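What follows is the residue order along each chain.
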Amino acid sequence: MNKMYRKRISLISALCLLCSISLWGQQVKLASYNVHNCIGMDNVRDYHRIANIIKQTGADVVALQELDSATQRNGGVYALAELEKLTGLYGTFAAAIPYDGGSYGIGILSKEKPLSCEIVPMPGREEKRTMLIAEFKEYVFCATHQSLTPADQLASVEEIVKAVKNIHKPIFLAGDMNSAPNEAPQQELDKHFVVLTNTLIPSYPADKPNVCLDYIYGYKNNGYTFCVSEQLVTAEKEASDHRPVQVKLEIRKQ
């Protein structure tokens, strides 16, 4: 191999390395878990059990659904605060409805404290729904728990897109969507978001799962793409009526 050829190979290798560095961004681990107010399939409320599962994901941010805040049915306990204490993560709560002397809704647990948060009402005729938008340094994370009614789920897509359309950071959406991958709400979401989790593995019901209802998405209309290196639906049969879903990825700037 002559000297000039060796220099050319070295230059090509260096350029390939630079391209690789410029294309790849931050690595992120995300999870979503409908915790059923920390009541398991055995009908036992156990905050420690749920907290241990959350810790095992190692996620940077976790979307949580079905949380009581100081209701009589959970003895006045603020469920997210209990999980915050047991996991060592920072908790952010978004009430969807007043309930039984307190409130009921969704939340997130995160390694970093959000820079800002916004609560956006979502359609829900059987009960009001909500979406929590949390901004972090490198990305924005949206958590939600969608209605049981397909018409409300479809109407929610428009509200979700409206809420995020002016955000310039990478955007993630996670939650219990109450719709299967082949149903109309998911097809409508596909126009704006890419599913990052494995929808071929069912997440509900936890003991004998037969349908995927829990998702994590990446917004695809503001210049970012996502390279997924790990997808997991935890084979947890008892702690809640849903199984947690999680994903590990890197963010790319187009």
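Preceding this paragraph is the structure being described.
Caption draft 1: Quick look at the packing of helix 2 (residues 47-57) against helix 3 (residues 79-87). Two elements in contact, helix 2 and helix 3, have axes separated by 9 Å at closest approach and are oriented at 55°. When the interaxial angle is binned, helix 2 and helix 3 end up oblique. Handedness of the crossing formed by helix 2 with helix 3: right-handed. Where helix 2 abuts helix 3, its residues Tyr47, His48, Ile50, Ala51, Ile54 and Lys55 lie against Ala79, Glu82, Leu83, Leu86 and Thr87. Its residues placed into classes, the contact of helix 2 with helix 3 shows seven nonpolar, two polar and two charged.

Caption draft 2: Spatial organisation of the packing of aromatic side chains. In this structure the tally under the stated criterion is seven aromatic pairs. For the ring pair Phe172 and Phe226, a centre distance of 5.2 Å and an interplane angle of 50° mean the geometry is tilted. Of this pair, Phe172 sits in strand 8 (residues 171-176) while Phe226 is found in strand 11 (residues 224-233), placing the two residues 54 residues apart along the sequence. Ring centres of Tyr215 and Tyr217 lie 5.5 Å apart, and the angle between their planes is 15°; on these two criteria the pair is classed as stacked. When its relative accessible area of 0% is taken as the criterion, Tyr215 is described as buried. Residue Tyr217 is classed as buried on the basis of its relative accessible area of 0%. Chaining the aromatic ring pairs together yields one cluster made of Phe136, Tyr139, Phe172 and Phe226. A cation over a ring is seen here: Lys253 above Tyr224, with NZ or CZ 4.5 Å from the ring centre.

Caption draft 3: Geometry of helix 3. Within helix 3 the residues assigned to the buried category are Ala79, Leu80, Leu83 and Thr87. In an axial view of helix 3, the angular spread of the buried residues amounts to 95°, which keeps them on one side of the axis.

Caption draft 4: Quick look at helix 2. Tyr47, Arg49, Ile50, Ala51, Ile53, Ile54 and Thr57 are the residues of helix 2 that are buried. The opening residue of helix 2, the one whose side-chain oxygen lies 3.1 Å from the backbone nitrogen of His48, is Asp46. A positive backbone phi angle near 65° is found at Gly58, which sits one or two residues after helix 2.

Caption draft 5: Molecular detail of the nonpolar core. If you look at the biggest cluster of nonpolar residues, it comprises 24 residues, and the most contacted ones within it are Leu30, Ile108, Phe141, Phe172, Leu249 and Ile251. Secondary-structure elements contributing two or more residues to this core are strand 1 (24-34), strand 2 (61-69), strand 4 (102-110), strand 6 (129-135), strand 7 (140-145), strand 8, strand 11 and strand 12 (245-253). Examining the composition of this core, we find that four residues originate from one element, strand 12, more than from any other.

Rules of the game
Residues numbered from 1 in each chain as written. Predicted model: local features only at pLDDT ≥ 70, side-chain atom pairs only at ≥ 80, totals over all residues. Heavy atoms only, no water. Axes fitted to C-alpha atoms, helices over the stretch in contact; angles between N-to-C directions. Helix = DSSP H or I, 4+ residues; strand = E, 2+ residues; numbered from the N terminus. Parallel < 35°, antiparallel > 145°, perpendicular 65-115°, else oblique. Left-handed = near helix turned anticlockwise from the far one by under 90°. Contact = heavy atoms within 4.5 Å. Nonpolar A, V, L, I, M, F, W, Y, C, P; charged D, E, K, R; others polar. Phe/Tyr/Trp six-rings, centres within 6.5 Å; stacked < 30°, edge-to-face > 60°. Buried < 20%, exposed > 50% of the residue type's maximum accessible area, 1.4 Å probe, protein only. Lys NZ or Arg CZ within 6 Å of the ring centre and 35° of its normal. Arc of directions from axis to C-beta. Polar contact = N/O pair within 3.5 Å; in protein donor to acceptor, adjacent residues only side chain to side chain. Core = buried A, V, L, I, M, F, W, Y, C linked by side-chain atoms within 4.5 Å.

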